[in-house]
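Descriptive structure summary
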Amino acid sequence: MSEDKSITVDVLVIGGGTAGPMAAIKAKQANPQLRVLLLEKAHVKRSGAISMGMDGLNNAVVPGHATPEQYVREITVANDGIVNQHTLMAYARNSYPMIEELDRWGVKFEKDETGDYAVKKVHHVGTYVLPMPEGHDIKKVLYRQLRKHGVEISNRLVATRLFKDKDGRIAGAAAIDSRTAEFHVVRAKSVILCTGAAGRLGLPASGYLFGTYENPTNAGDGYSMAYHAGAELSGIECFQINPLIKDYNGPSCAYVTGPFGGYTANALGQRFIECDYWSGQMMLEFYNELAGGKGPVFLKLDHLADETLTKIEDILHANERPSRGRFHAGRGTDYRAQAVEMHISEIGLCSGHSASGVWVDEHARTTVPGLYAAGDLACVPHNYMLGAFVYGKLAGEDAARYCAEQQPGEIATADIVAERERVLAPLSRTEGLSPNQVEYKLRRMVNDYLQPPKVTKKMELGLARFAEIAADLQRIVARNPHELMRANEVSFILDCAEMAARASLYRTESRWGLYHYRLDHPERNDTDWFVHVQLHKGEDGAMRCFKRAVEPYIIEVGEHERDAYSRLRIHQHEVAA
Amino acid sequence: MSTAWVSGSLPVSVDADKCIADKGCTICVDVCPLDVLEIDATSGKAVMRYDECWYCLPCEQDCPTGAIHVDIPYLLR
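My aim in this report is to walk through the structure given alongside it, one point at a time. (Residues numbered from 1 in each chain as written. Chains lettered and ligands numbered in written order. Predicted model: local features only at pLDDT ≥ 70, side-chain atom pairs only at ≥ 80, totals over all residues. Heavy atoms only, no water.)

1. Overview of the overall build of chain B
Within chain B, the secondary structure is distributed over 2 helices and 4 strands. The N-to-C order of helical and strand elements in chain B reads β-α-β-β-α-β. By the compact-globule yardstick of 11 Å for 77 residues, chain B fits well, its C-alpha radius of gyration being 13 Å. Seen through its principal axes, chain B has C-alpha atoms that stretch 35 × 30 × 20 Å. Relative to its full complement of 77 residues, chain B shows a buried share of 44%. (Helix = DSSP H or I, 4+ residues; strand = E, 2+ residues; numbered from the N terminus. Rg over C-alpha atoms; globule rule 2.2 N^0.38 Å. Buried < 20%, exposed > 50% of the residue type's maximum accessible area, 1.4 Å probe, protein only.)

2. Observations regarding the nonpolar core
Residue and element names in this part refer to chain A. Of all hydrophobic cores here, the largest spans 206 residues; its most connected members are L12, I14, L162 and F466. Tallying contributions element by element places helix α10 (residues 384–404) first for this core, with 13 residues. If you count residues domain by domain, this core takes at least three from each of domain 1 (243–344) and domain 2 (414–538). Excluding residues within four positions of it along the chain, I14 makes contact with L39, A159, L162, A173, V191, I192, L193, C194, T195 and M225. V185, A478, L484 and M485 belong to the second largest nonpolar core, which has 14 residues in total. (Core = buried A, V, L, I, M, F, W, Y, C linked by side-chain atoms within 4.5 Å. Domains from an automatic or database assignment. Contact = heavy atoms within 4.5 Å.)

3. So, the interface of chain B and chain A
On the chain A side, the residues contacting the 30 residues of chain B number 39 residues. Here chain B and chain A share an interface that buries about 3000 Å² over both sides, 54% of which is from carbon and sulfur atoms. The three residues of chain B that bury the most area against chain A are M1, W54 and L76 of chain B, which together make up 28% of that side's buried surface. The partner of R46 of chain A in a salt bridge is D62 of chain B, with the nearest N and O atoms 2.8 Å apart. Where chain B touches chain A, the interface holds 22 residue pairs in polar contact (both at pLDDT 80 or more). For the side of chain B that touches chain A, the secondary structure elements donating two or more residues are α1 (27–31), α2 (58–62) and β4 (68–70) of chain B. (Buried area = accessible area lost by both parts, 1.4 Å probe. Salt bridge = Lys/Arg side-chain N within 4 Å of Asp/Glu carboxyl O. Polar contact = N/O pair within 3.5 Å; in protein donor to acceptor, adjacent residues only side chain to side chain.)

Printed below as a string of structure tokens:
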């Protein structure tokens, strides 16, 4: 057998999208002597959820517009109370300094005529949305900082598993090169997981495997790796489901269009929700309207002035999803004349939008010593892009401190041999199944059995199908390194599917609107379920769920405020009156 | 593994006259987050090797000669 590629560093950051570059830069800033390696599956210049930029901050806590206390209260309510407020507060306090730092680095935020940030109101209660009409350059800005700080970068390396030493501390990771299939072992004192959402979980209604809302490179790699390393995951049953343009994976963009006067309407052109901020409660009303007699649902813009629409098009067709204009042109849709038909997305796991992720504290530490998580895969509810930057910073700085006190851990040779064999097996087979066939079937089953409204018997059947597909993994054939990468991603997706089913079955109530709406347990039950649902790999190697108490709040939430997000529906008799 | 020849409409098309991959350019291949493009060994030009497109457009926007066009995949149009 050929020699493995091997490298030893202090801090290994896995994922070069949003949180990852920030974590690497901050670890280097904290201690320039450290060797910091940023591992990226694609290319750092254009990777992750913001490969084409971003059109705004969804959760900016800017003095004069919002306070950290207000923000913590808003997200506590938006996430039906199931939050660790310490993690929300760590984000909220670091939000404004991070905006200022990004501004100094050259990221452009919208400002008013006096030079103040032009924050807009989209959330139900507070004001937190800061547009970035020229946000297409953000990856370039990050790349310049990576270079400036001397962060080592390895592109086209796909991390497959984490390694621990005999004491259970993190000791490194295994990876394969997606161009050559070479097997790499990276030894590190600490590892920061920044691999993004599990975005390739459900199958888009179009049937196109890669037409997902999230960047499909984000297959749930980090959720799976953290799970196999024994870390706790949390809120997996709180799925990500988004309101999107039908057939196109772009968001409806009420965040962008709302401040200009656009809104979500039913087929009669009526508003049916008070607030377009994405929450499970909003998605349930969206779902009810879609499935009801007044559906489908539309983004209504045709009442706006021509110059306003041109401005909206300039933002929407140049940032985040620039092919949007091309999609509309193909269908003959013009915002001036037609409302845009909308639909709901496939399911995913993403704490950036909802709450499912690897459990972290306010320093981005997971429950495994030396292992950190930041960004969409770390459980800090509704964290979005700015949360990824803030938690990347917290993780990088804490990992740098941690490294100073640690000796490198030893990785057992047997662990390396076993992982090399597992990961490369599809290359040695000549007869069997192709990765994309197995993936298609798996993700269709995810839709059939896990898409809310959730039904107990269906989720149990889903688990039976997933077990059969687990056996199919042993028959996948990869004809080249690219297919080997896809074959490994199928195993990540399968782990996420099983986690999604088991966590959903465990929480026998409904919560978070559509995200966890169980037809056979339709009511919220705070007596038994005002807790986090945690999931981990038990001593016997089987997946296990358990309850974790919600930490006492540091910010009080009043009785009336608590249900604010449950009162989103506009009743037509109120409009008439 | 048994194989079949399947024809289909692909989202990424490359204008071979404009493409300068034969002069050493690999920008489109480098920036694709899904790694679906490659330089064809015979023609020396960029081609779409895997129909796994997110129609995110870095390949088209970063191409120095404007050789690439990305269509919305047929299933979504």
